[in-house]
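Listed here are the chains, written in short residue letters.
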Amino acid sequence: MKFILQRLFFCALSWLLLLVVCFIMTRLLPGDPLLDDNPVPKHVYEQLKREWGLDLPWHAQLKKWLYDASKGDLGNSIYYPDLPVFTIIKDKLFLSFSLGSLAFFFCCLIGFTTAIALSLCPCRACNQTALLLLVLLFSLPSFLCAALLQLLFSMKLAWLPLARYEGLTSLLLPAFSLAIGPGAYLAHLLYGLLQQMQQQPFIRMAQAKGLYPFTLLMRHSMRNALPPLLAYLGPLTALLLTGSFIVETVFALPGLGRALIESISQRDYPLTLPLILLYSSMQIICIFAADLLTLWADPRQHRKKELV
Amino acid sequence: MARALLFFCLCFAAISCNRQEKCPTQELKPHPGNNLRMAIRKEPQTLDPRLARDLTTLGLFRLLYEGLTRLDEHGQPQLALANSIEASPDGKSYKIKLREAYWNNGDRIIAEDFSYAWKSVLQPEFKAPNAHQLFALRLAKKAKQGDAFVDAVGVDALDDETLSIELEEPNPNFTQMLALPFYYPVNSRWILQRDWEVKKGVKPNEIPTNGPFSLEEWRRGDQLALKKNDKYWDEKSVLIDQVDLIQSDNATALKLFDSDHLDWVGSPFGSLPQEAVAPLREKGCLSSVPATAMYFLRFNTSRPPLNNEKLRKALSLAIDRDSITNQLLRGGQIAATSFVPSSMGLQKQQLISTKSQPSQAWLLVSQALQEMGLSRTEMPQLTLCYPQDEDNLKVAQLLQKQWSQLLQIEVKLQTCESKMMASKLHEGDYQIALGNWFADVEDPINFLELFEYRDNGTNSTGWSDKNYRDLLQKARTTGDRKERDALLAQAEQILVDSAPIAPLYQPTMNYLAKQRLKDAYLSPLGYIDLKNASIRHYNIDFKQEANSKKDQEEKQ
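Below: a short report on this structure. (Residues numbered from 1 in each chain as written. Chains lettered and ligands numbered in written order. Predicted model: local features only at pLDDT ≥ 70, side-chain atom pairs only at ≥ 80, totals over all residues. Heavy atoms only, no water.)

### Remarks on the overall build of chain B
And then number 1: Within chain B, the regular secondary structure consists of 17 helices and 23 strands.
And then number 2: Structurally, chain B occupies a C-alpha span of about 85 × 75 × 50 Å along its principal axes.
And then number 3: Counting over 556 residues, chain B shows a buried share of 56%.
And then number 4: Carbon together with sulfur atoms contributes 48% to the accessible area of chain B, which is approximately 24000 Å² in total. (Helix = DSSP H or I, 4+ residues; strand = E, 2+ residues; numbered from the N terminus. Buried < 20%, exposed > 50% of the residue type's maximum accessible area, 1.4 Å probe, protein only. Areas by Shrake-Rupley, 256 points an atom, 1.4 Å probe, with all protein chains shown as cover.)

Now the structure itself:
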């Protein structure tokens, strides 16, 4: 309990620190949100600056933003002045979440099944080849992966939609593009951990007792390999859930990843900050959840912390 | 392991070998609907025609709204919401009778809608980015500056059907200007009832429009669906039921076009990937329209060494514009011979050579260095800022090479994203900057007035010239077109001689359209006209038609 409260406190502190740092950093970026290729007359520029509160010092802007945010008002986007920031995020959240969840599922499917298959496979040469392929896969950039999958499954075979969101089937290719790299890395990592477990005395004992290899793997080795795996899965979950700008651009999906990059390039401060905070909140929550799951997976951690 | 690797490589090679022999403009399959699917790169920023700023929004408004006149495919104004236009002999007054037309919410379009729209823009506190487009109206500029009452501006609704307009000076292009989005009406009754500017919870499809199409649905970041406006006064001429504007980046849009999910990609709402343009042009698939626009270099004349006119001229003379358009970009661009595009016919002869003139340039550099009291080796390095883009990078690299080889002037390249670039120009924090201007109207003054005043947002060079300003002012006051053109030509000569800018090339708008689409026009101003466009339907088996065409070609 004490551990959980401690963790919660540090999460809240990190979040607040992040808020201030991100607020300052967005203001320090060169470029002005009110200027672009089509210059406006000077007096209009001054009027717009006053309207958006950009003539105030940064701490006054932060105070105003915090006050408005506490009332649930995130303001309107500078780039889309008719559109509330909350509406923009809400419209994109479902898509990014769906894409991220599917990508996470594929990632775990690729990672776990490959690692288990490799662990059970007696052929050393096959294992070496597979490991080499895994390294190739997680070195592949996601945009290249996305383009190749599009070319094969959409343009050549016409099995799946090429781009745009038209239902769950249109998320399959983007999710797979997002999942391949992390899934291959997960497989590589888990295989290494399982191989380490195989050398443990208690596993050798269980083998000597005559347990089936599959049972040995799933009931004993896997449980012990979970804690380090969760440390990787925690941040990965947050990364996948919040989408990827490159994959969303290639597949023309209106997700949060694209929204964040576009808001930064437009210097759309009212939209950028909530998006960054959303990303960081997801990271903090997923890492916290990973810590809790680690405690569950390895009760010895809990006892060590109690002793400390 | 070797067999697995070989298999993988063969698969990759098979996927990569994609020789597309036929034009992507050919349809792969019949399209059953009567809707046009176009790619759009960015969403519009607003649906209020008074606040439009960027080209995408202005282009979209051509589909959603209509003004008193409309430009045809030749850029000539035709009557639209105006039933008749009477101009006074001095060209300063207009009396316009409106035809019977309605907003898509059923309200009648009345003269007050125009008067309200234009006067609200000219309110000093109204944050209209393009209020200066209305300064042709009497007292408009003074009203915007707060020196006159807005009610005194030269536009009045005499009754519901009659609009009276008074101009500050006669303008032979005024009927053309009435076709621009800046002169569109707004539904004054709806706005006053809903208080639109303040209450921003209005759904996009609730906003009244009066054009050939109205906004049915807007899925943010994904698609805008425009449907045919049944209340449009000329709705019988509109042959397309729906226009879907699908948001995607340029590369994805081209793939969607190739696989027949889009009917139009490229300008005006996007652009084609640069590497695809030349091959498409060679295959004869590409459609191009020279834009009424100019890409040019700005020199910061308020800082040394570019405050030296001879140095600026030398840099301009050293540029081989033909190599930029014909060898580097190869997208149908036209090398600049003046600042105003040659298609506008302002100049009878070239003001700028498209080939570099190294000896003249070298001489000017020597003179400039002498004036500055510097030797060749003391010539400072210059910095060229260019907006982040593949084409711009190539042009910047070529300029760097040409200046280094011909003038021994070292230039450092600095890439800037668009916001940074805009800030640098606004603050004058640059030496040489690559920029462009797309005209709002087919009028040479639209280019020349960019540099009329030093503190114009469009100037940013720190240059101004009294003679230049006087010539532009005189041109505005004369109603005689020939005299006006002569004055503008003189002004352009001053601009080119002083060289605060170096024109480079006139861009082209490239696009791909499926063969099923007929009578859709892209104007040089970047507006697309779909009013009379239609989509060919297949009423026979698609394969039969394709086979019979093939048989005919073989017989020939």
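### Digging into the overall build of chain A
And then number 1: Of regular secondary structure, chain A possesses 13 helices and zero strands.
And then number 2: Tracing chain A from N to C terminus, the helices and strands come up as α-α-α-α-α-α-α-α-α-α-α-α-α.
And then number 3: Seen along its three principal axes, the alpha-carbon backbone of chain A occupies a region of about 85 × 60 × 30 Å.
And then number 4: Counting all 308 residues of chain A, 46% fall into the buried class.
And then number 5: When contacts within chain A are restricted to residue pairs at least 6 apart in sequence, those whose partners lie at least 24 apart make up 74%.
And then number 6: For chain A, the accessible area works out to roughly 15700 Å², and carbon and sulfur atoms hold 70% of it.
And then number 7: One finds the centroid of the 24 positive side-chain charges in chain A at a distance of 17 Å from the centroid of its 17 negative side-chain charges. (Contact = heavy atoms within 4.5 Å. Lys, Arg positive; Asp, Glu negative; His and termini not counted. Charge placed at Lys NZ, Arg CZ, Asp CG, Glu CD.)

### Notes on the pairing of strand β5 (residues 93-98) of chain B
Residue and element names in this part refer to chain B.
And then number 1: Alternating residues of β5 divide into Tyr-94, Ile-96 and Leu-98, all buried, and Ser-93, Lys-95 and Lys-97, none buried.
And then number 2: One ladder, built from five bridges, connects strand β4 (residues 82-87) with β5; its direction is antiparallel. Across the sheet, residue Ser-84 finds its bridge partner in β5, namely Lys-97.
And then number 3: The turn joining β4 and β5, which pair antiparallel and follow one another in sequence, is formed by five residues; a positive phi near 75° is taken by Gly-91. (Pairing = 2+ DSSP bridges.)

### Re the state of the cysteines
And then number 1: Applying the stated criterion across every chain, the model contains one disulfide over all chains.
And then number 2: Note on cysteine connectivity: Cys123(A) is disulfide-linked to Cys126(A), with sulfurs 2.5 Å apart. Across the S-S bond linking Cys123(A) and Cys126(A), the dihedral sits near 80°, which makes this disulfide right-handed.
And then number 3: For Cys126(A), a relative accessible area of 39% puts it in the partly exposed group.
And then number 4: The thiol of Cys11(A) is not disulfide-bonded; the next cysteine sulfur, from Cys286(A), is found 11 Å away.
And then number 5: On the accessibility criterion, Cys11(A) (18% relative accessible area) is buried.
And then number 6: Cysteine Cys416(B) remains unbridged, with the sulfur of Cys385(B) as its closest cysteine sulfur at 4.3 Å. (Disulfide = S-S within 2.5 Å.)

### Some details on the pattern of salt bridges
Two side chains of opposite charge can pair, provided their charged atoms sit close to one another.
And then number 1: Within the structure shown, the criterion is met by 31 salt bridges over all chains.
And then number 2: Residue Arg7(A) pairs with Asp291(A) through a salt bridge whose shortest N-O separation is 2.6 Å. A residue pair is termed long-range when its members are at least 10 positions apart, and Arg7(A) in helix α1 (residues 2-28) and Asp291(A) in helix α12 (residues 269-297) qualify at 284 residues.
And then number 3: Across the pair Asp260(B) and Arg516(B) runs a salt bridge whose closest N-O atoms are separated by 3.3 Å. Taken as a pair, Asp260(B) in the loop between α7 (250-258) and β11 (264-266) and Arg516(B) in the loop between β19 (508-513) and β20 (517-518) lie far apart in primary sequence, 256 residues in all. When sorted by exposure, Asp260(B) lands in the same class as Arg516(B), which is buried. (Salt bridge = Lys/Arg side-chain N within 4 Å of Asp/Glu carboxyl O.)

### So, the pairing of strand β13 (residues 293-299) of chain B
All names here are of chain B.
And then number 1: Extensive coverage of β13 is indicated by the burial of seven of its seven residues.
And then number 2: Along β13, one buried face is formed by Ala-293, Tyr-295, Leu-297 and Phe-299 and the opposite face, lined by Met-294, Phe-296 and Arg-298, is buried too.
And then number 3: Here β13 runs beside strand β17 (residues 432-438); their pairing, made up of seven bridges, is antiparallel. Paired with Phe-299 across the bridge in β17 is Ile-432.

### Describing the interface of chain A and chain B
And then number 1: Counting from both sides, the interface comprises 45 residues of chain A and, opposite them, 45 residues of chain B.
And then number 2: Summed over the three residues of chain A that lose the most area to chain B, namely Tyr79(A), Asp82(A) and Arg164(A), the buried surface amounts to 13% of that side.
And then number 3: Put simply, chain A and chain B have four salt bridges between them.
And then number 4: Between Arg53(B) and Asp36(A) there is a salt bridge whose closest N-O contact spans 3.2 Å.
And then number 5: Inspection of the region where chain A meets chain B yields 16 residue pairs in polar contact (both at pLDDT 80 or more).
And then number 6: Elements represented by at least two residues in the side of chain A that touches chain B include exactly α2 (42-51), α4 (85-120), α5 (124-139), α6 (142-156), α10 (245-250) and α11 (256-265) of chain A.
And then number 7: Residue classes in the side of chain A that touches chain B are distributed as 24 nonpolar, 10 polar and 11 charged. (Buried area = accessible area lost by both parts, 1.4 Å probe. Polar contact = N/O pair within 3.5 Å; in protein donor to acceptor, adjacent residues only side chain to side chain. Nonpolar A, V, L, I, M, F, W, Y, C, P; charged D, E, K, R; others polar.)

### Some points on the packing of α1(A) against helix α3 (residues 58-70) of chain A
All names here are of chain A.
And then number 1: At their nearest, the axes of α1 and α3 sit 11 Å apart, and the two run at 125° to each other. With respect to their mutual orientation, α1 and α3 come out oblique. Pair α1 / α3 crosses with right-handed handedness. In contact with Leu-19, Val-20, Phe-23, Ile-24 and Arg-27 of α1, α3 contributes Trp-58, Gln-61, Leu-62, Trp-65 and Leu-66. (Axes fitted to C-alpha atoms, helices over the stretch in contact; angles between N-to-C directions. Parallel < 35°, antiparallel > 145°, perpendicular 65-115°, else oblique. Left-handed = near helix turned anticlockwise from the far one by under 90°.)

### Quick notes on the packing of aromatic side chains
And then number 1: Under the definition given, this model contains 21 aromatic pairs over all chains.
And then number 2: Taken together, a centroid distance of 6.0 Å and an interplanar angle of 25° make the contact between Tyr65(B) and Tyr184(B) stacked. Here Tyr184(B) lies in the loop between α5 (174-177) and α6 (188-194) and Tyr65(B) lies in the loop between α2 (55-64) and β2 (69-71), a separation of 119 residues in the sequence. Across the pair, Tyr184(B) and Tyr65(B) agree in class, each one buried.
And then number 3: Put simply, the rings of Tyr94(B), Phe114(B), Trp118(B), Phe174(B) and Tyr183(B) touch in pairs and so form one group of aromatic residues.
And then number 4: Lying across the ring of Trp296(A), Arg223(A) places its NZ or CZ 5.0 Å from the centre. (Phe/Tyr/Trp six-rings, centres within 6.5 Å; stacked < 30°, edge-to-face > 60°. Lys NZ or Arg CZ within 6 Å of the ring centre and 35° of its normal.)

### Examining the nonpolar core
And then number 1: Ranked by internal contacts, the top residues of the largest apolar core, which has 108 residues, are Trp118(B), Leu137(B), Ile165(B), Phe174(B), Tyr183(B), Phe339(B) and Leu530(B).
And then number 2: Discounting chain neighbours no more than four positions away, the residues touching Trp118(B) are Leu68(B), Leu134(B), Leu137(B), Val155(B), Leu163(B), Ile165(B), Leu178(B), Phe182(B), Tyr183(B) and Tyr184(B).
And then number 3: The next biggest cluster of nonpolar side chains, apart from the first, holds 41 residues, and it includes Leu102(A), Leu134(A), Ile180(A) and Val247(A). (Core = buried A, V, L, I, M, F, W, Y, C linked by side-chain atoms within 4.5 Å.)

### Quick notes on the side chain of Ser460(B)
Residues and elements named next belong to chain B.
And then number 1: Its location among the elements puts Ser-460 in the loop between α14 (445-448) and α15 (466-477).
And then number 2: One polar contact links the side chain of Ser-460 to the main-chain carbonyl oxygen of Gly-457, over a distance of 3.4 Å.
And then number 3: Residues within four places of Ser-460 in sequence aside, it is in contact with Arg-298, Leu-425 and Tyr-430.

### Structural notes on a nonpolar patch on the surface
Residue and element names in this part refer to chain A.
And then number 1: A grouping of Leu-29, Phe-143, Leu-144, Phe-245, Ile-246, Ile-261 and Ile-264 is seen on the molecular surface, where their side chains present a nonpolar patch of about 510 Å² in accessible area.
And then number 2: When contributions to the nonpolar patch are tallied by element, the ones reaching two or more residues are α6, α10 and α11.
And then number 3: Mapped onto the elements of the fold, Phe-245 is located in helix α10. (Patch = residues over 30% accessible without salt bridge, like charges linked within 9 Å, V, L, I, M, F, W, Y side chains within 5 Å.)

### As for the environment of Ala361(B)
And then number 1: Locating Ala361(B) in the fold gives a position in helix α11 (residues 358-372).
And then number 2: Not counting residues within four places of it along the chain, the set of residues in contact with Ala361(B) comprises Ala314(B), Leu317(B), Ala318(B) and Leu407(B).

### A few points about the sheet that holds strand β16 (residues 411-416) of chain B
And then number 1: Taken in spatial order, the six strands of this open sheet run β14-β18-β13-β17-β15-β16 (chain B), and their pairing is mixed. Whereas interior strands pair on both sides, the edge strands pair on one side only; in this sheet they are β14 (334-335) and β16 of chain B.

### Remarks on helix α8 (residues 274-283) of chain B
All names here are of chain B.
And then number 1: The set of residues buried in α8 consists of Gln-274, Ala-276, Val-277, Ala-278 and Leu-280.
And then number 2: If you follow the buried residues of α8, they end up packed against α7, α10 (321-329), α12 (390-407) and β19.
And then number 3: Count one or two residues on from α8 and you reach Gly-284, which has phi positive near 80°.

Worth remembering: the numbers are spatial, not functional.
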